[in-house]
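# Examination of the molecular architecture
Chain by chain, the residues:
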Amino acid sequence: MNWRYKHTALALCTLAFTATMVARLAISPLVPAITTRFGVTNATVGLALSGMWLAYALAQFPSGLLGDRYGERRVILTALGATAVASVLIAAAPTIHVFALFTVVLGAGAGLHYTVASAYLTRQFDDIGRAIGVHVAGGPIAGLAAPPLAALVGSRYGWRAGILLGTAVAVPVFALFAWRVRPTSPVRPDQPVGDRIAIGPLRELLSRPSIRYTTALATMGAFSWQATASFLPTFLDVGSGLSTALSALLFSLYFVVHGGTQPVTGSLSDRIGRDATAMITMGSGVVGYGLLVATARFDLGLAPTVVAVGFVGVAMSWGAPVQSRFMDLLSDTERGAGFGLVRTVYMTLGASGSVVVGFVSDTAGWAPAFGLLAGVMALALCALVANRLLGGRY
């Protein structure tokens, strides 16, 4: 492959996504130290983190609008700058209320990146599935590296230093992106952002049958992703009886598989189709979560658990084919704001995954909780099969 400018742009967009994700994921392993410092409960810090992820989801639509109005490069640089500054402000927070406020700011700032970067990359590449697959892999890379690094820094220098890991990554990526990525022309430079928020056009876009169908698929995927990211280590530790260290190692394996298969499923979706590839990922989810439940119930041992975690990692690469499906359905002028709108919808709905699975685990146990995720993946698979039998109506 001859290295061209578009590959530089893809690499730097992926690095930028990794940087915004590192800042958000660095907080989680530092929660015990944060609760001790401020004298609050886990629920209080959890509420602040929920606010951060909600702000991230809600930022997707306005980020698309801003990208169309001012150009993607400016918005991505703003996201990186906001990530760096917000991490400093969180680290310097004197009270839990200030801490919570700036975690929300971090979520909103980081949320400006993904939608505009994805829309930008679709104009650079013909094989958009592969490009989106590489781009979205930036998240799992951060998930693999950020938590252990933040925990290590936090244990040696304090939790505030651990939070600053977000700034330490975002600043050099900001400089590199500003240096190597050319200015981008806005799609709608003369149209005020306020004109794009009219209810009628937004309702019309979301009411299209193909968009509603794809949003439903993405919501089920996001529901499972959120629950897995929140509770897989706890399931392995408490639900399966593995040691905490081994559970953490398997969680890292999940991120390795998840990140490594995103470009593969994206490229595969360019070759055999979005739905066929999505069926592979959802089917992997049925097998992976089902096998996790079986290993917990019948004490099948470590090997089946490792295999199950691998299947779950493949399953959570659903984003590459499903997000590429959205791009296929949207026109060039809709891909910024339109993709941002549907991302806000499915991420907001999917965020309930942590709450629902947490509630089921409290009331019925970990096996039923992860059995629910197998059911969600099965429902998505059935929807894909039904659409295929209907001749791809949606």
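Scroll up for the structure.
Reading the values: the criteria
- Counting restarts for each chain, with residues numbered from 1 along the sequence as it is written.
- Given that the model is predicted, a residue must reach a pLDDT of at least 70 before its local features are reported, and side-chain atom pairs must reach 80 or more before they are shown or counted; all residues, however, enter totals for whole chains, interfaces and linings.
- No hydrogens and no water enter the side-chain calculation; it runs on all heavy atoms of the structure.
- Comment: elements are numbered from the N terminus, with helices defined as DSSP H or I runs of at least four residues and strands as E runs of at least two.
- We compute the radius of gyration over the C-alpha atoms and compare it with the globule rule, which gives 2.2 Å times the number of residues raised to the power 0.38.
- The rule is simple: take the accessible area with a 1.4 Å probe, protein chains only, and divide by the maximum for that residue type; under 20% is buried, over 50% is exposed, in between is partly exposed.
- Contact criterion: two residues are considered in contact whenever any of their non-hydrogen atoms come within 4.5 Å of each other.
- In this description, a line fitted to the C-alpha atoms serves as the axis of each element, helices being fitted only across the stretch in contact, and the angle between N-to-C directions of two axes falls anywhere from 0 to 180 degrees.
- Every angle not falling under 35 degrees, over 145, or within 65 to 115 is termed oblique; those three ranges are roughly parallel, roughly antiparallel and roughly perpendicular.
- Each crossing is labelled by how the near helix is turned from the far one, with a counterclockwise turn of less than a right angle marking it left-handed and a clockwise turn marking it right-handed.
- Each residue is assigned to one of three groups, with Ala, Val, Leu, Ile, Met, Phe, Trp, Tyr, Cys and Pro labelled nonpolar, Asp, Glu, Lys and Arg labelled charged, and all others, Gly among them, labelled polar.
- Remark: nonpolar core denotes a set of buried residues (Ala, Val, Leu, Ile, Met, Phe, Trp, Tyr, Cys) joined through side-chain atoms within 4.5 Å.
- When two rings of Phe, Tyr or Trp (its six-membered ring) have centres within 6.5 Å they constitute a pair, described as stacked for plane angles under 30 degrees, edge-to-face for angles over 60, and tilted for the intermediate range.
- Salt bridges are defined by distance alone: a side-chain nitrogen of Lys or Arg within 4 Å of a carboxyl oxygen of Asp or Glu.
- In a helix, the anticipated span is given by 1.5 Å times the number of residues less one.
- Two axes define the bend at a residue: one fitted to the seven residues ending there, one fitted to the seven starting there, and the bend is the angle between them.
- Distance and chemistry together define a polar contact, namely a pair of N or O atoms within 3.5 Å, with one atom able to donate a hydrogen and the other to accept it when in protein, and with adjacent residues in sequence counting only for side-chain atoms on both sides.
- Summarising the geometry, the arc corresponds to the directions from the helix axis toward the C-beta atoms.

On to the overall build of the protein chain. Scanning the protein chain for helices and strands turns up 20 helices and 0 strands. Taking 21 Å as the expected radius of gyration for a compact globule of 394 residues, we find that the protein chain reaches 20 Å, a close match to that expectation. Along the three orthogonal principal directions, the C-alpha set of the protein chain runs to about 60 × 55 × 45 Å. A total of 394 residues make up the protein chain; the buried ones form 53% of that total. Here the contacts in the protein chain between residues at least 6 apart in sequence split such that 82% fall between residues at least 24 apart.

Following both chains from N to C, one finds helix H1 (residues 5–25) and helix H7 (residues 113–124) inclined at 165°, their axes separated by 11 Å at the closest point. Between H1 and H7, the angle is such that the two are roughly antiparallel. For the element pair H1 and H7, the recorded crossing hand is left-handed. Residues Tyr-5, Lys-6, Ala-9, Leu-10, Cys-13, Ala-16, Phe-17 and Thr-20 of H1 touch H7, and the partners they reach there are His-113, Tyr-114, Ala-117, Tyr-120, Leu-121 and Gln-124. Grouping the constituent residues of the contact of H1 with H7 by class yields 10 nonpolar, 3 polar and 1 charged.

The next point concerns the packing of helix H8 (residues 128–136) against helix H14 (residues 244–272). Remark: H8 packs on H14, axes separated minimally by 7 Å, with the N-to-C direction vectors making an angle of 170°. The angle between the axes of H8 and H14 places the two elements in the roughly antiparallel class. Of the two possible hands of crossing, H8 and H14 adopt the one that is right-handed. From H8, Ile-128, Gly-129, Arg-130, Gly-133, Val-134 and Val-136 reach across to H14, where they touch Gln-262, Pro-263, Gly-266, Ser-267, Ser-269 and Asp-270.

So, on to the environment of Leu-373. Looking at the secondary structure, you find Leu-373 in helix H20 (residues 366–389). Distance from Leu-373 to Tyr-346, taken between C-alpha atoms, is 16 Å for residues 27 residues apart in sequence. Leaving out residues up to four positions away in the same chain, Leu-373 has contacts with Phe-223, Ser-224, Ala-227, Thr-228, Tyr-289 and Val-357.

In globular proteins that are soluble, nonpolar side chains generally tend to be buried together. Ranked by internal contacts, the top residues of the largest apolar core, which has 91 residues, are Phe-99, Leu-292 and Phe-370. In terms of residue count, the dominant contributor to this core is helix H13 (residues 209–239) (13 residues).

So, on to the packing of aromatic side chains. The full count for this structure, using the stated rule, is 17 aromatic pairs. Aromatic pair Phe-38 and Phe-99: ring centres 6.1 Å apart, planes at 55°, arrangement tilted. Pair noted here: Phe-38 is in helix H2 (residues 31–38) and Phe-99 is in helix H6 (residues 96–110), with a separation of 61 residues, a long-range link. Plain terms: the ring middles of Phe-231 and Trp-366 are 5.6 Å apart, the flat faces sit at 55° to each other, and that makes the pair tilted.

Evaluated as defined, the whole model comprises 5 salt bridges. A salt bridge links Asp-275 to Arg-325, with the shortest nitrogen-to-oxygen separation between them at 2.7 Å. Note that Asp-275 is positioned in helix H15 (residues 274–298) and Arg-325 in helix H17 (residues 319–329), a separation of 50 residues in sequence. Residue Asp-275 is classed as buried on the basis of its relative accessible area, which comes to 15%.

So, about H14. Here H14 contains 29 residues, and its C-alpha end-to-end distance of 40 Å stays within 8% of the 42 Å for a straight helix at 1.5 Å per residue. At Thr-261, H14 shows its maximal bend, which comes to roughly 30°, and the proline Pro-263 appears one to four places after that position. The opening residue of H14 is Ser-243, an N-cap whose side-chain oxygen sits 3.1 Å from the backbone nitrogen of Leu-246. Positive phi shows up at Gly-273, right after H14, with a value of about 110°.

Turning next to the side chain of Thr-115. For Thr-115, the location among the structural elements is in helix H7. At a separation of 2.9 Å, a polar atom in the side chain of Thr-115 contacts the side chain of Gln-60. Those residues in contact with Thr-115, other than ones at most four positions away along the chain, are Gln-60, Ser-63, Gly-64, Gly-336, Phe-339, Gly-340 and Arg-343.

Right, let's get into H2. Turning to H2, its buried residues are Val-31, Ile-34, Thr-35 and Phe-38. The buried side chains of H2 occupy one side of the element, clustering within an arc of 100° when seen end-on. Away from its buried face by more than 90 degrees, H2 exposes Pro-32 and Thr-36. Buried residues along H2 sit in contact with helix H3 (42–58), H6 and helix H10 (159–163). Directly after H2, the chain includes Gly-39, whose backbone phi takes a positive value near 65°.

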